[in-house]
Amino acid sequence: MSFGALNAWGNCLNRLVATGACGPRSAARQNRCMRIAINGAGIAGVALAHWLHRIGHTPTVIEQAPRFRTGGYLIDFWGVGYQVAKRMGIEEAVRAAGYHVECLRSVGPGAEIKADVNVAVFRRMFGADLISLPRGDLAAAMYATVESKVETIFGDSITTVDQHDDGVRLTFQSSAARDFDLVIGADGLHSNVRRLVFGPEQSYEHYLGCKVAAWVVDGYRPRDELSYVTYNTPGRQVGRFALRGDRTMFVFIFRAARDRVDETPKDQLRNEFSECGWECPQILATLDEVDDLYFDVVSQIRMESWSRDRVLLIGDAAGCISLLGGEGTGLAITEAYVLAGELARAGGDHQRAFNVYEQRLRPFVTGKQAGAARLIGFFVTRTRFGLWFRNVAMRAVNFRPLGTLLAGSVRDDFELPDYGI
Ligand SMILES: Cc1cc2nc3c(=O)[nH]c(=O)nc-3n(C[C@H](O)[C@H](O)[C@H](O)COP(=O)(O)OP(=O)(O)OC[C@H]3O[C@@H](n4cnc5c(N)ncnc54)[C@H](O)[C@@H]3O)c2cc1C
């Protein structure tokens, strides 16, 4: 949803101020084939299933949703994660599902244009390796590579994780208990595996002071094809992007106390935005028909350690950077690749693999978290002066030397290992 690109010029602003046989292709043929449970068929989980199957292990994916989730909010996909996607052989599918956003537009209450950023600034830096696509469609492109080869249990959830010397026994809400060699929690910000093995979410969640909602409707007008249009008031941002098939995605972000238990998500949105200008009343009216509203806190997950014996967390479950970082999917995919690579290198010694994996990725993830946290004031700017300055800064990005400078500022500081897998 152009968070990557928004994040990029935000950075600039900051600167200015157990079944189946082992897989056939085994780069780790000398390794013992392990039965590895992956909780969550999201970005990290599906990417990991791909790589584990490719190096000859037997992953089983467990997903609480009744079926594979496609669509959803739009993400910007770029950086090191994009390079891993190329190694997975899914670039064509990603490009087919994606959009080449041309413009980031900021508008005022009467739809007057306050600033336009030409996304060519970022393309000069990333070339073709920058695309926006629905989160679920990226997951689906990866899932297509393993769907017929990897067991997936839909509509179920782990209830207990019992670790012993030789493995891990999992019990489930519906399925019978199963034994695995390793368990990977790839179940997102509100990870169930993290809660069961590491303790309550409150111990690790750092609320960044805002909430986010996203939804998709049919037939909305106006559309502004290939432009990500935002309208900001102090402490609030509304985004709109036109999707194929005459659909439109909206994203609302607003500063709020974490717990407002007496209000439903839709009520919170109506209460927060009903007095706002631009198309807010018209967009809020579409909420009546929406039954798959995405609504969540904007939080990060910060943990001292990502593993405990035979259980490891990856993706948002371990180190969510939040949507403000604009690169959570890229990190999740990179983590999946590095984890599989280190397991292959460690020749079956999962503890060694987990340690090296964490050493390699922790500085990268921590750096991205710090960068994301600095961007809150940019996404949900507090004051009218701040909003004015934000628009000035947006316009300045079109000035080529400045654009090049900021594009450099969002380059990934991570060298992707070549595991030969
Ligand atoms: C509005 C918004 C915009 C964003 N924009 C961008 C962007 O532009 N670029 C970018 O790179 N990132 C963006 N992100 C962040 C990105 O979506 C996440 O970082 C990424 O999806 C993390 O992947 P994951 O696999 O760890 O978690 P998820 O993709 O959330 O997947 C977790 C999976 O686990 C499943 N699950 C949850 N609980 C259980 C359970 N108990 N049992 C079994 N399964 C379970 C879920 O159903 C889901 O399938 C954005 C996020 C939001 C909210």
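Residues numbered from 1 in each chain as written. Predicted model: local features only at pLDDT ≥ 70, side-chain atom pairs only at ≥ 80, totals over all residues. Heavy atoms only, no water.

### With respect to the sheet that holds strand β10 (residues 178–180)
- Read from one edge to the other, the open sheet built from 3 strands follows the order β8-β9-β10, with strand pairing classed as antiparallel. In this open sheet, the two strands that pair with only one neighbour each are β8 (158–164) and β10. Sheet twist, expressed as the average angle between the axes of neighbouring strands with direction ignored, equals 25°.
- In the sheet, β8 pairs with strand β9 (residues 167–172) via 6 bridges, with the strands oriented antiparallel. Counted as the bridge partner of I158 is F172 from β9. (Pairing = 2+ DSSP bridges. Helix = DSSP H or I, 4+ residues; strand = E, 2+ residues; numbered from the N terminus. Axes fitted to C-alpha atoms, helices over the stretch in contact; angles between N-to-C directions.)

### Some remarks on the pattern of salt bridges
- A complete count under the given rule lists 23 salt bridges for this structure.
- Between R169 and D179 there is a salt bridge; the shortest N-O distance is 2.9 Å. Residue R169 is found in strand β9, and its partner D179 is found in strand β10; the two are separated by 10 residues along the sequence.
- When its relative accessible area of 28% is taken as the criterion, D179 is described as partly exposed.
- Among the ionic pairs, E279 bridges to R240, the shortest N-O distance being 2.9 Å. Here R240 lies in strand β14 (residues 236–243) and E279 lies in the loop between α8 (265–273) and α9 (280–285), a separation of 39 residues in the sequence.
- Of the residues examined, R240 reaches a relative accessible area of 1% and is grouped as buried.
- Residues joined by salt bridges that share partners form a network here, namely R105, D116, D224, R240 and E279. (Salt bridge = Lys/Arg side-chain N within 4 Å of Asp/Glu carboxyl O. Buried < 20%, exposed > 50% of the residue type's maximum accessible area, 1.4 Å probe, protein only.)

### Some words on the site of the ligand
- Within the structure, the ligand sits among 33 residues, and A44, E63, D76, R135 and T329 are positioned closest to it.
- Here an oxygen atom of the ligand sits 2.8 Å away from a polar atom, N or O, in the main chain of D76.
- Residue R135 places a side-chain N or O atom 2.4 Å away from an oxygen atom belonging to the ligand.
- Taken together, the elements giving at least two residues each to the shell around the ligand come down to α1 (3–16), α2 (43–54), β2 (58–63), β3 (74–77) and α11 (328–345).
- In terms of residues, the shell around the ligand owes the most to one element, α11, which gives 4 residues.
- Partitioned by chemical class, the residues of the shell around the ligand number 13 nonpolar, 13 polar and 7 charged. (Near = heavy atom within 4 Å. Polar contact = N/O pair within 3.5 Å; in protein donor to acceptor, adjacent residues only side chain to side chain. Nonpolar A, V, L, I, M, F, W, Y, C, P; charged D, E, K, R; others polar.)

### Description of the UniProt feature "domain: FAD-binding" (unreviewed entry) in the protein chain
- The UniProt record marks residues 36–363 with the feature "domain: FAD-binding" (unreviewed entry), using the residue numbering of this structure.
- Taken as a whole, residues 36–363 contains 31% helix and 32% strand, while its terminal C-alpha atoms sit 26 Å from one another. (UniProt positions renumbered as here; feature names shortened; annotations may be inferred.)

### Comments concerning the side chain of S227
- One can find S227 in strand β13 (residues 227–233).
- On the accessibility criterion, S227 (8% relative accessible area) is buried.
- Residues in contact with S227, not counting those within four places in the same chain, are C103, R240 and F241. (Contact = heavy atoms within 4.5 Å.)

### Notes on the environment of P234
- For P234, the position within the fold is in the loop between β13 and β14.
- You can call P234 partly exposed: its relative accessible area is 24%.

### Some points on the packing of aromatic side chains
- If you walk through the whole model with that rule in mind, you get 17 aromatic pairs.
- Centroid distance Y220 to F250: 4.9 Å. Interplanar angle 80°. Geometry classified as edge-to-face. Residue Y220 is found in the loop between β12 (205–218) and β13, and its partner F250 is found in strand β15 (residues 247–255); the two are separated by 30 residues along the sequence.
- Classification of Y220 as buried rests on a relative accessible area of 5%. (Phe/Tyr/Trp six-rings, centres within 6.5 Å; stacked < 30°, edge-to-face > 60°.)

### Considering the nonpolar core
- Among the nonpolar cores identified, the biggest contains 85 residues, and F77, L138, L170 and I314 are the most heavily contacted of them.
- Considering each element in turn, this core owes the most residues, 10 residues, to α11.
- Residue contacts for L138: discarding those within four places in its chain leaves I43, I75, F77, I90, V94, L133, T329 and I333. (Core = buried A, V, L, I, M, F, W, Y, C linked by side-chain atoms within 4.5 Å.)

### Observations concerning helix α12 (residues 350–373)
- The terminal C-alpha atoms of α12 lie 32 Å apart, and with 24 residues this matches the ideal 34 Å at 1.5 Å per residue to within 8%.
- When the local axis directions of α12 are compared, the greatest deviation, roughly 40°, occurs at L361, which is followed within four positions by the proline P363.
- Every buried residue belonging to α12 is among H350, A353, F354, Y357, E358, L361, F364, V365, K368, Q369, G371 and A372, and all of these are buried. (Expected span 1.5 Å × (residues − 1). Bend = angle between axes of the 7 residues up to and from the residue.)

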